[in-house]
Amino acid sequence: MNLQPTTSNLPSRLKVCGLTKPDQIQELIAMKTDFLGFIFYEKSPRYVLNHLSLEEISTINHQGKVGVFVNEKVEIIVKIVQHADLNFVQLHGDESNDFIAELRQKLNPEVGIIKVIRIGSNTAENQNKITQIPDLKPITYYLFDTDSKAFGGTGKQFDWNILNEFEIPLPYFLSGGISEENIGNIDTLKQQPFALDINSKFETEPGNKNIDSIKKFKTLYQQNK
């Protein structure tokens, strides 16, 4: 798999999450989008299985297909990964270290694991999450997102300065309200993200992406790199 990290200083890439429409997916592939995110959380307005079957997802020719799961059972995750031919599993819930270790054992070794750390407004709670970040071999990347009851997709930015207060042990995705307006602020991060993760700020409605807006953002981001 050519998207596995070899160093924590890799150039940033782009992930578009919450995809539901085949034509938009193909446009993003043509744009050389690095990661395509599919949400397998039934309570999400971007729940992909309301729009695409596992077989349809499996036929998408891309090496960065990410399945997003929230507190799902290991067996169900493994089954979906196999049937949809996913390259990465993104754990967006409250999955324990033991859960991640078990999942790693049951997944194909070529499938990467992205563990989400949700950052909220409670300083003490954030510090607890940060200090307990595991340096586990099963995890390929971290992803920092804005905390919410909906487990993401808020369009709101958390305080990125929090990430400058500690050393992140793995390459990470930056998510949560990223837009054209705040793209320049990424330079304030001491440890630059491996990839940016965009979603609701680039939609006309949940699951319906504004491709022109994504193209413009991608151009702006490349100019700022």
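All of these numbers come straight from a predicted model, not from anything done at the bench.

**Quick word on the packing of aromatic side chains**
The way to describe two aromatic rings as a pair is by their centre distance and the angle between their planes.
Okay, step 1: A full pass over the atoms with the stated rule returns twelve aromatic pairs.
Okay, step 2: The interplanar angle of 65° and the centroid separation of 5.5 Å between the aromatic rings of Phe35 and Phe88 together place this pair among those described as edge-to-face. Residue Phe35 is located in strand S2 (residues 35–39), and its partner Phe88 is located in strand S4 (residues 88–91); the two are separated by 53 residues in the primary sequence. Here Phe35 matches Phe88 in class, with each residue buried.
Okay, step 3: Judged by centre distance (6.1 Å) and plane angle (40°), the rings of Phe88 and Tyr141 are tilted. Taken together, the residues Phe88 in strand S4 and Tyr141 in strand S6 (residues 141–146) connect sequence positions 53 residues apart.
Okay, step 4: For Tyr141, a relative accessible area of 0% puts it in the buried group.
Okay, step 5: Three or more aromatic residues joined by ring pairs form one cluster here, namely Phe35, Phe88, Tyr141, Phe173 and Phe194.

**Structural notes on the environment of Asp34**
Okay, step 1: Relative to the helices and strands, Asp34 is located in the loop between helix H1 (22–30) and S2.
Okay, step 2: Overall, Asp34 belongs to the partly exposed group, its relative accessible area being 22%.
Okay, step 3: Here Leu14 takes part through its backbone nitrogen, which lies 3.0 Å from a polar atom of the side chain of Asp34.

**Looking at the pairing of S4**
Okay, step 1: By the alternation rule, side chains of S4 split into Phe88 and Gln90 and Val89 and Leu91, which are all buried.
Okay, step 2: Direction of pairing for strand S3 (residues 65–69) relative to S4: parallel, over a ladder of four bridges. Residue pairing for S4: Phe69 is matched across the bridge by Leu91.
Okay, step 3: Taken together, S3, helix H3 (residues 74–84) and S4 constitute a β-α-β crossover, and its handedness is right-handed.
Okay, step 4: When S4 meets strand S5 (residues 112–119), the two strands line up parallel, connected through four bridges. Its bridge partner being in S5, Val89 is matched across the sheet by Ile113.
Okay, step 5: Considered for its hand, the β-α-β crossover made up of S4, helix H4 (residues 97–106) and S5 is right-handed.

**Describing the pattern of salt bridges**
Okay, step 1: In this structure the tally under the stated criterion is nine salt bridges.
Okay, step 2: A salt bridge links Glu203 to Arg46; the nearest nitrogen and oxygen atoms lie 2.8 Å apart. With Glu203 in strand S9 (residues 203–205) and Arg46 in the loop between S2 and helix H2 (54–58), this pair connects stretches of sequence that are 157 residues apart. Residue Glu203 shares its accessibility class with Arg46, and that shared class is buried.

**A closer look at the nonpolar core**
When a protein is soluble and globular, its nonpolar side chains tend to lie buried together.
Okay, step 1: Grouped together as the largest cluster of nonpolar side chains are 54 residues, with contacts concentrated most on Leu103, Phe144 and Leu174.
Okay, step 2: The biggest single contributor to this core is H3, with six residues.
Okay, step 3: Filtering out sequence-adjacent residues up to four positions away, Leu103 remains in contact with Val74, Ile77, Val78, Val89, Leu91 and Ile113.

**Considerations on the side chain of Asn208**
Okay, step 1: Along the polypeptide, Asn208 turns up in strand S10 (residues 208–209).
Okay, step 2: By relative accessible area, which is 18% here, Asn208 ends up buried.
Okay, step 3: Among all residues touching Asn208, those that are not within four sequence positions of it are Lys21, Gln24, Phe202 and Glu203.

**Focus: the sheet that holds S3**
Okay, step 1: Read once around its circumference, the closed barrel built from eight strands follows the order S1-S2-S3-S4-S5-S6-S7-S8, with strand pairing classed as parallel. Within this sheet the neighbouring strands show an average axis-to-axis angle of 25°, counted without direction.

**Regarding the confidence of the model for the protein**
When pLDDT is low, close inspection of the predicted coordinates is not appropriate.
Okay, step 1: Residues with a pLDDT of 70 or more make up 82% of the protein, whose mean pLDDT is 87.
Okay, step 2: Here residues 4–11 is a poorly scored stretch, pLDDT under 50, and it has 14 contacts once near neighbours within four places are set aside; other chains count.

**A word on unusual backbone geometry**
Okay, step 1: A positive phi angle is found at Asn71, which is not glycine, with a value near 50°.
Okay, step 2: Secondary-structure assignment places Asn71 in the loop between S3 and H3.
Okay, step 3: Overall, Asn71 belongs to the partly exposed group, its relative accessible area being 42%.
Okay, step 4: Positive phi outside glycine occurs at Asp85, with the angle close to 55°.
Okay, step 5: Along the chain, Asp85 falls in the loop between H3 and S4.
Okay, step 6: Among the residues examined, Asp85 registers a relative accessible area of 44% and is labelled partly exposed.

Cut-offs and rules
- Residues numbered from 1 in each chain as written.
- Predicted model: local features only at pLDDT ≥ 70, side-chain atom pairs only at ≥ 80, totals over all residues.
- Heavy atoms only, no water.
- Phe/Tyr/Trp six-rings, centres within 6.5 Å; stacked < 30°, edge-to-face > 60°.
- Helix = DSSP H or I, 4+ residues; strand = E, 2+ residues; numbered from the N terminus.
- Buried < 20%, exposed > 50% of the residue type's maximum accessible area, 1.4 Å probe, protein only.
- Polar contact = N/O pair within 3.5 Å; in protein donor to acceptor, adjacent residues only side chain to side chain.
- Pairing = 2+ DSSP bridges.
- Right-handed = clockwise from strand over helix to strand, strands pointing away.
- Salt bridge = Lys/Arg side-chain N within 4 Å of Asp/Glu carboxyl O.
- Core = buried A, V, L, I, M, F, W, Y, C linked by side-chain atoms within 4.5 Å.
- Contact = heavy atoms within 4.5 Å.
- Axes fitted to C-alpha atoms, helices over the stretch in contact; angles between N-to-C directions.
- pLDDT = per-residue confidence, 0-100.

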